[in-house]
Each structure stands twice: as structure tokens, then as C-alpha cells.
Amino acid sequence: MTAEIIFENFPNLSEDQKRRFEKLEELYKDWNQKINVVSRKDIDELYLRHVLHSLGIAKFIQFKEGSSVLDVGTGGGFPGIPLAIFFPEVEFTLVDSIGKKIKVVNEVVEGLQLTNVKTINARVEEIPDRFDFIVSRAVAAMPTFVHWVKGKIKKESKHDIRNGILYLKGGDLQGELKEYRNAEIFELTNYFKEDFFETKKMVYLPLKYKG
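Reference entry: report on the structure contained in this document. All values derive from a computational prediction rather than experimental measurement.

1. Concerning the packing of aromatic side chains
Then comes step 1: Applying the stated criterion to the full structure yields 14 aromatic pairs.
Then comes step 2: Judged by centre distance (6.5 Å) and plane angle (75°), the ring pair of Tyr191 and Phe192 falls under edge-to-face.
Then comes step 3: On the basis of relative accessible area, Tyr191 is assigned to the partly exposed category, the value being 23%.
Then comes step 4: The exposure class assigned to Phe192 is buried, which follows from its relative accessible area of 2%.
Then comes step 5: With a centroid separation of 4.8 Å and an interplanar angle of 40°, the aromatic rings of Phe192 and Phe197 are classed as tilted.

Here is the structure:
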């Protein structure tokens, strides 16, 4: 699996974006041997299972220039790093409570020379800033996640949709979303043809500003 799968699904990438996406595999394979942040099975399918999956969010929304996005529980840098490559004019903050994971993220960010990424080794509850959107990949059930990010959304919306959470998750989500009547579920098979995405979804949950 090569970066070609990214280029096929996103044909309008700049040469600079393509170069960065191509470099991801080399950086992750190198760092994953030192600090394991991606499973061995997944590292061989990095572009499908991590990079393209992360970019499902980019199929749903075009973040506007100057927007700020928080990636909670970023792990090895997903979905934050692929999105930061895709949206170079958007500011991304990647947070994880596990220091060794943030170390790998820092090395990848440096290797890619990404200037629109800030990393924080902390629990998300400790972060005082507010953001336009909060993204994540299945780090907790939605009620728990909403509790973690309480008070982290900006008041003014720059986009056609309200500020809120963009959450990548699989399986049956009806139970954990039953208290969120305004949540919308999008099947990633609407965007990608690969079998991997058959059970994968993105949840959009608008959040009210709480000052």
C-alpha cells in the first residue's frame, strides 16, 4: 500500500502535499521500530488504515483558512497529521496524555517540516484554549468524550456548519448517541470504495459555546 491511494482519492493535492504524504511511511516505519505507536499489521497498511481514514474528515468539511482544530488522544498523530498536511492554512493542536506518543508525533511533525501543528502532552481537560472543531478517532464513548472537551469550543462559527466534534468511529453508534439528537452519522463508504471502510463512520456533533 503506497501513498497512491491518497492521490487517487484526492486528485487535487499540491506537489508539496504529495511529497509530505509520501514521506509519512518512511517516518512512521522508522519511529515505530523505536516506539511502537502503530501495530505491525497496521504499519503495512498505514495509508489505508490511518492516513486515508483520517482524511474522511476532509471529505466532509473544508476547514477555512485560520481555523483552529484540536485532535484529542492523537496517539501516533491521527487524524491530526494527515489533516494538517491537507489543510496547511489551518492551525492544529494535537494532544495526548502519553508522552512517548507525543514524542513520535513531534518527530514526524519535524520530519515533515509542518509549521501548522502544535503538540501538547497532557490530558485534554487541562487545555485552556478554545477551537473551531475537535477531531478524534474512537478514543472513548461519545458521552465521555463530550465531557472531556466541555468548554473547548469557540463561540463564533466561521463555517457553514456549527462548531463542534468530528469523530471517526466504527460499529453501532446508536446507543452512545441516543442522548445527542443533533448528532449526524456519515458512512465513510460514501467517500471511499475500499472494503476497510464498510463499518467506518464519521459523527458530526455540533456543540454549544459555554462561556
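2. Observations concerning the pattern of salt bridges
Then comes step 1: Inspection of every chain in the model, using the stated rule, returns 11 salt bridges.
Then comes step 2: Between Asp16 and Arg19 there is a salt bridge whose closest N-O contact spans 2.6 Å. You can see Asp16 and its partner Arg19 sitting in helix H2 (residues 15–34), 3 residues apart, about one turn around the helix.
Then comes step 3: For Asp16, a relative accessible area of 35% puts it in the partly exposed group.
Then comes step 4: Taking the shortest distance from any N to any O, the salt bridge between Lys118 and Asp129 comes out at 3.8 Å. Placement of Lys118 in strand S3 (residues 117–121) and of Asp129 in the loop between S3 and strand S4 (133–137) is noted, with a sequence separation of 11 residues between them.
Then comes step 5: On the accessibility criterion, Asp129 (32% relative accessible area) is partly exposed.
Then comes step 6: Within this structure, Asp16, Arg19 and Arg20 form a network of salt bridges that share partners.

The rules behind these values
- Sequence positions are assigned chain by chain, starting from 1 and proceeding in written order.
- A pLDDT threshold of at least 70 governs which residues receive local features in this predicted model, and a stricter bar of 80 or more applies before side-chain atom pairs are shown or counted, although totals over entire chains, interfaces and linings include all residues.
- With hydrogens and water stripped out, all remaining heavy atoms of the structure feed into the side-chain values.
- Any Phe, Tyr or Trp ring, taking Trp's six-membered ring, that has another such ring centre within 6.5 Å forms a pair; planes under 30 degrees apart are called stacked, those over 60 apart edge-to-face, and the others tilted.
- Think of it in three bands: with a 1.4 Å probe and only protein chains considered, a residue is buried below 20% of the maximum accessible area for its type, exposed above 50%, and partly exposed in between.
- Only one rule defines a salt bridge in this text: a Lys or Arg side-chain nitrogen within 4 Å of an Asp or Glu carboxyl oxygen.
- To qualify as a helix, a DSSP run of H or I must reach at least 4 residues; to qualify as a strand, a run of E must reach at least 2; elements of each kind are numbered from the N terminus.

The quantities given are spatial measurements derived from coordinates; they are silent on function.
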